[in-house]
Amino acid sequence: KRETQGKSQRAGTIDQMSAAASEEKNQGTATPPKPALRKPEFTTIGELHPESRTVNLVCKVTDMQTVLEVKRSDGTEFKIMEATIADKTGSLILTCRTEEHFNMCVKGAALIVRNGSIRMFKGYMRLQVDKWGLIEPYDDKWGYKKPAADEELNSEKNMSKVEYEEVPVEDQHHN
């Protein structure tokens with residue numbers, strides 16, 4: 001009996017050691033915990049400038065127009081539309097390139113724009129949302145401030161009508 005007890009104790013010890021070794025191995029390859037998501041920081045249209053990135057806005061569409069519609073040689077269509085968006089501080093042109101954006105950006109629609117960026121087009125600012133950004137209909141379930149009422153929208157201060165000129169910066173080290 002003693003001999004069989006010793007063997008079972010050793011087997012138990014070996015099983016415990018292999019379990020501990022595999023646990024150590026798994027800890028080294030385990031995925032790190034995901035960082036907590038941060039709430040986006042919203043800005044206003046009046047605060048935007050040509051170098052603005054990670055733009056988050058709550059706005060309303062005041063106008064929508066097609067600026068380019070081309071039929072390619074393979075029969076597919078390429079279309080670019082521009083939506084004029086506004087809030088209390090100003091207005092701006094939002095460039096739309098996907099069917100999803102075309103359908104969402106209808107006159108009077110309240111939108112949440114997340115992770116957009118300002119791109120210059122012929123010296124004028126345009127807001128673009130690429131694959132990393134998002135345009136969605138406003139929904140107060142997120143707890144963001146409500147978009148301005150139509151009569152409060154500032155369409156007089158159109159940031160896309162301000163022309164910017166690129167000024168080259170001289171290299172200070174080669175004087």
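Data block above holds the structure.
Throughout what follows, the structure given in this document is the object of discussion. (Residues numbered from 1 in each chain as written. Predicted model: local features only at pLDDT ≥ 70, side-chain atom pairs only at ≥ 80, totals over all residues. Heavy atoms only, no water.)

## Side note on the packing of aromatic side chains
Here is step 1: This structure, assessed with the given rule, holds one aromatic pair.
Here is step 2: When the ring centre of F102 is taken as reference, the NZ or CZ atom of K79 above it lies at 5.2 Å.
Here is step 3: Seen from the ring of W142, R114 lies directly overhead, with NZ or CZ sitting 5.3 Å from the centre. (Phe/Tyr/Trp six-rings, centres within 6.5 Å; stacked < 30°, edge-to-face > 60°. Lys NZ or Arg CZ within 6 Å of the ring centre and 35° of its normal.)

## Remarks on the pattern of salt bridges
Here is step 1: As enumerated under the stated definition, the model contains four salt bridges in all.
Here is step 2: As a salt-bridge pair, D150 and K60 come within 3.2 Å of each other at their nearest N and O atoms. With D150 in the segment after β6 (134-137) and K60 in strand β1 (residues 55-71), this pair connects stretches of sequence that are 90 residues apart.
Here is step 3: A salt bridge links E82 to R126; the shortest N-O distance between them is 3.1 Å. Residue E82 is located in strand β2 (residues 77-87), and its partner R126 is located in strand β5 (residues 124-128); the two are separated by 44 residues in the primary sequence.
Here is step 4: Exposure remark for E82: the relative accessible area of 13% places this residue in the buried category. (Salt bridge = Lys/Arg side-chain N within 4 Å of Asp/Glu carboxyl O. Helix = DSSP H or I, 4+ residues; strand = E, 2+ residues; numbered from the N terminus. Buried < 20%, exposed > 50% of the residue type's maximum accessible area, 1.4 Å probe, protein only.)

## Here we look at the side chain of S117
Here is step 1: Following the sequence through the fold, S117 ends up in strand β4 (residues 110-121).
Here is step 2: Within the structure, S117 has its side chain in polar contact with the side chain of R119 (distance 3.5 Å).
Here is step 3: Ignoring anything within four residues of it in the chain, the contact list for S117 reads S52, R53, V55, R126, L127 and Q128. (Polar contact = N/O pair within 3.5 Å; in protein donor to acceptor, adjacent residues only side chain to side chain. Contact = heavy atoms within 4.5 Å.)

## A word on the environment of A149
Here is step 1: Relative to the helices and strands, A149 resides in the segment after β6.
Here is step 2: Note on A149: relative accessible area 26%, which makes it partly exposed.

## Some details on a nonpolar patch on the surface
Here is step 1: Side chains of V67, L68 and V70 sit close together on the surface and give an oily, nonpolar patch of about 210 Å² of accessible area.
Here is step 2: Residue position: L68 is located in strand β1. (Patch = residues over 30% accessible without salt bridge, like charges linked within 9 Å, V, L, I, M, F, W, Y side chains within 5 Å. Areas by Shrake-Rupley, 256 points an atom, 1.4 Å probe, with all protein chains shown as cover.)

## Details of the pairing of strand β3 (residues 90-96)
Successive side chains on a regular strand alternate, one facing one side of the sheet and the next facing the other.
Here is step 1: The buried fraction of β3 amounts to seven of the seven residues, a majority that puts the element mostly inside the structure.
Here is step 2: Burial of the side chains of β3 extends over both faces: G90, L92, L94 and C96 are buried on one face and S91, I93 and T95 on the other.
Here is step 3: Here β2 pairs with β3 via seven bridges, running antiparallel. Within the sheet, the bridge partner assigned to E82 lies in β3 and is T95.
Here is step 4: In terms of strand pairing, β3 meets β5 through two bridges, oriented parallel. Across the sheet, residue T95 finds its bridge partner in β5, namely Q128. (Pairing = 2+ DSSP bridges.)

## As for the nonpolar core
Here is step 1: Within the largest apolar cluster, 25 residues are counted, with the highest numbers of intra-cluster contacts made by L57, I85, L92, L94, C96, C105 and L127.
Here is step 2: Looking at this core, the elements that each hand over two or more residues are β1, β2, β3, α2 (99-104), β4 and β5.
Here is step 3: Considering every element that reaches this core, the biggest residue donor is β1, with five residues. (Core = buried A, V, L, I, M, F, W, Y, C linked by side-chain atoms within 4.5 Å.)

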